[in-house]
Amino acid sequence: MQVKIQPCLRMGTFLLLFLFTLTSSAEEAHADIIIKSVNLTIQPRNEVQRGTNVSLTCLAEVSYSAMSQPSHKYIFYKDYQPLHTKETSNTELPYFISDARVGHSGKYKCAVVNGKQKKESSVKDLMVKGLQTPVLSVDKSVMREGDVITANCMAEGETGSLTFFFRDGDEELYSESTNNHQVQQKLSLSKGTSNLFCFYFISLGGTMAQSNKSEVIKVNIQELKIKPSITVKPSTNVIEGDTINFRCNVDMIQQKNSELRISLVHGRTTLSFNMTHKNYTMSAKANDSGEFECISSMGNVHKSASVSITVKELFSKPVLSIIPSSVFERERFHINCHVKSFASERIQQDDIKYSIFKDNTLIISNDRYSDTAGRATNGKYMCSAEAKGIIKKSLAELFEAKVLVSKPEITVDGPVIVGKPFWIVCHSENGSLPIFYTLKRKHFNGNWTDAYIHNNKSRFLAMISTPADISSYLCEAKNNGPASAKMSERLYAPVIVPVGKPLLTVIPVPGNTEEGQDLTLICGIPKGSPPISFTFYRSTHTQLHNTTVQSNSSSYVLTAVTRQDSGSYYCRALNSAEEASMSDPITVEVGVNEKENVWSKGPPNVNQDSEGSPFEGDIEYTEVVHPQPVDPARIPLRKGTDTVYSELQTSQGAPEHMNHRSMVEYAELNHDLPEPVE
């Protein structure tokens, strides 16, 4: 099968081959070129005066094959930013600066690029000296106060970043930064004569250069004669309640100008915006003393005149007083309202009417009020005084009757242990501070302290020697003398009695213990609050047994002791007082049991019973009688100082008809053991 190639496909293939050939040729041409060096020259010199024509020439030393005619790209930089670019086959390229200005000053360099090769020259500085003096122009030299003029400051031919300044003598009027060589601005000037001039700064990298000042232009400003005058009647010294009349006037010619506005101002308050054809009347108040100002305005021009007014109080602000200042519930209190001064030329004392309020509600139209303190009388009180239509109010006073102290509660903080210090807490649920607490014991004062402000309670350090002492404490609280004293109930709290020294009892008594017997250890204490933890130890500090009981003694039985059980034994007692107590050790020696009985039956031809019956000669009978274990619960405990002893009697030598497993036991203990703790 024959494939036919379309004409369009042939053309595309041809173009791709052509482009590939061109690219390969260009790469081969670049490969034949070597940029050896690049230099920049500045003519006529590196430092010139303003207006000089400057040329910068970039020279490239390049080697290439004799058959090629390469072209290079030249790039000029100013302050490291691209300035001019051109491609040529020449080995040098000039860049011209005509009529150089200070703005052309900077750091210059050039670079030559050919393919992937790029080489730069070193950096050269160009310094152009001599900033042009700016020229100032205005649209008029005579103007009316409040008008504006148009001023233009121009530095012909200067380039770069410029900042222009307009000044009237030492006063700066306007400034603006621009890349243009001139700035125009509308300026508002004050009255009199203004001396205008301008100058500029040019930015040269990290430094600024200042031009000379322009010529001074004098501008005459014609004053607007709109300054007002102010008149006050009847006087600048008045009494509160008097009527004051204010009048503001300006030049009669300007008075008819429709643009004229006259205002009356007191402090930050404008009393009237229309004083051109109208007076202002007001009733003087005590806080009206101060400056009153007439301000006339026309366009942007404002002028003023002022007068100081003194207003004497008709009567002073009333003062409310509560007597006494500190009142407890069910005590009487009194409220008075009065003024300290009044203008006797206008009013008398009887002309002033008083009212007393509680929580903004009138309670009496009088200057005095009395009541009995309680919750119903608590609140904010204030009073008012009125004369000739003027009303003044006093400051509010918060009244809150003090609360008598309530019956205190007496408690303990932490555990109470006999013989150790503990804290007693006195606390009253109600009562105004300060509260004085006194700790009493058996009707004798202990010590006293102020209540803590935040938690309204006090703590006392105490100690007891017996549990019964705890109920001897009481607490007294008072906050308004002896009559307010309240007594608590007696103190009741759990008391912990530390354990006494334990006494260890051993049954059988030491010296009478034999192998196979049970050894009973009994640990008892003379005192101590239950529960009691008893621990039994052998001499090697080996714990044998631990138990917690509600009684004052406990026991432990070692069954069928051997000679290895010989040694010292002791016990320890501990309760919640956390003070452990040890008994004295007792040494126990376990001996060999010598009370075993053995009967042997001989050969049949040796003995016969009464009936002549022979014994079975090949059978031997042995009977061993063992002592039985002793139950410590059956052993009576008696209080005394006698020696502890124990006796065990076996049935050795008993008749044949007796039970060989029977045993007679008895124990008598006459030692000092404690009575049970209640």
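Located above this text is the structure these notes cover.
Nothing here was measured: the structure is a model prediction, and the numbers come from that model. (Residues numbered from 1 in each chain as written. Predicted model: local features only at pLDDT ≥ 70, side-chain atom pairs only at ≥ 80, totals over all residues. Heavy atoms only, no water.)

*Asks:* Can you help me understand the overall build of the chain in this one?
*Replies:* On a plain count of helices and strands, the chain comes out with two helices and 55 strands. Classification of the 678 residues of the chain by burial places 38% in the buried group. Across the chain, contacts joining residues at least 24 apart in sequence account for 61% of those joining residues at least 6 apart. (Helix = DSSP H or I, 4+ residues; strand = E, 2+ residues; numbered from the N terminus. Buried < 20%, exposed > 50% of the residue type's maximum accessible area, 1.4 Å probe, protein only. Contact = heavy atoms within 4.5 Å.)

*Asks:* Would you take a moment to explain the pattern of salt bridges for this structure?
*Replies:* The tally for this structure, following the rule as stated, stands at 21 salt bridges. Note that Lys-107 is salt-bridged to Asp-125, the shortest N-O span being 3.2 Å. In this pair, Lys-107 is assigned in strand β7 (residues 106-114) and Asp-125 in strand β9 (residues 124-129), connecting sequence segments 18 residues apart. A relative accessible area of 42% means that Asp-125 is categorised as partly exposed. One salt bridge connects Asp-584 with Lys-501, and the closest N-O pair in it is separated by 3.2 Å. In this pair, Asp-584 sits in the loop between β51 (581-582) and β52 (586-588) while Lys-501 sits in the loop between β43 (495-496) and β44 (503-507), placing the two residues 83 residues apart along the sequence. For Lys-501, a relative accessible area of 45% corresponds to the partly exposed category. Three or more residues joined by partner-sharing salt bridges are found here, namely Lys-109, Lys-118 and Glu-120. (Salt bridge = Lys/Arg side-chain N within 4 Å of Asp/Glu carboxyl O.)

*Asks:* What exactly am I supposed to notice about the state of the cysteines here?
*Replies:* Where two cysteines share a covalent bond between their sulfur atoms, that bond is called a disulfide. Per the stated rule, a full pass over the model turns up six disulfides. One disulfide bridge connects Cys-337 with Cys-383, the sulfur atoms lying 2.0 Å from each other. Taking the torsion about the S-S bond as the criterion, the Cys-337 to Cys-383 disulfide, at about 75 degrees, is right-handed. One end of the pair, Cys-337, is in strand β28 (residues 332-338); the other, Cys-383, is in strand β32 (residues 379-387), and 46 residues separate them in sequence. By the burial criterion, Cys-337 is buried, and Cys-383 matches it. One disulfide bridge connects Cys-523 with Cys-571, the sulfur atoms lying 2.0 Å from each other. Taking the sign of the torsion about the S-S bond as the criterion, the disulfide between Cys-523 and Cys-571, at about 70 degrees, is right-handed. Here the residue Cys-523 occupies a position in strand β46 (residues 519-524), and Cys-571 occupies one in strand β50 (residues 567-574), the gap between them amounting to 48 residues. Overall, Cys-523 belongs to the buried group, its relative accessible area being 0%. Here the disulfide map of the chain reads 1-2, 3-4, 5-6, 7-8, 9-10, 11-12, the bonded cysteines being numbered as they appear in the sequence. (Disulfide = S-S within 2.5 Å.)

*Asks:* I would appreciate a short explanation of the environment of Pro-530 in the present structure.
*Replies:* Positionally, Pro-530 belongs in the loop between β46 and β47 (532-538). Classification of Pro-530 as partly exposed rests on a relative accessible area of 32%. Residues Pro-530 and Asn-575, 45 residues apart in the sequence, show an inter-C-alpha distance of 6.6 Å.

*Asks:* Would you mind going over the nonpolar core with me for this structure?
*Replies:* Across soluble globular proteins, nonpolar side chains show a tendency to be buried alongside one another. Formed by 24 residues in total, the largest nonpolar core has its most connected members in Leu-314, Phe-315, Phe-333, Ile-335, Ile-352 and Phe-399. Secondary-structure elements contributing two or more residues to this core are β27 (319-323), β28, β29 (353-358) and β32. At four residues, the largest contribution of residues to this core is made by β32. Ile-262, Phe-292, Met-298 and Val-301 belong to the second largest nonpolar core, which has 23 residues in total. (Core = buried A, V, L, I, M, F, W, Y, C linked by side-chain atoms within 4.5 Å.)

*Asks:* Even after reading the chapter, I still don't get the packing of aromatic side chains, so can you show me in this structure?
*Replies:* For any pair of aromatic rings, geometry is given as the distance between the ring centres together with the angle between the planes. Going through the model one piece at a time under the given rule, you end up with 12 aromatic pairs. Measuring from centroid to centroid gives 5.8 Å for Phe-165 and Phe-201, while their planes differ by 80 degrees, and the two rings are edge-to-face. You can see Phe-165 sitting in strand β13 (residues 162-168) and its partner Phe-201 sitting in strand β16 (residues 192-204), a full 36 residues away along the chain. Residue Phe-201 is classed as partly exposed on the basis of its relative accessible area, which comes to 22%. Here the aromatic cluster, defined as three or more aromatic residues joined through ring pairs, consists of Phe-165, Phe-197, Phe-199 and Phe-201. Just above the ring of Tyr-77 sits the side chain of Lys-109; from NZ or CZ to the centre is 5.2 Å. (Phe/Tyr/Trp six-rings, centres within 6.5 Å; stacked < 30°, edge-to-face > 60°. Lys NZ or Arg CZ within 6 Å of the ring centre and 35° of its normal.)

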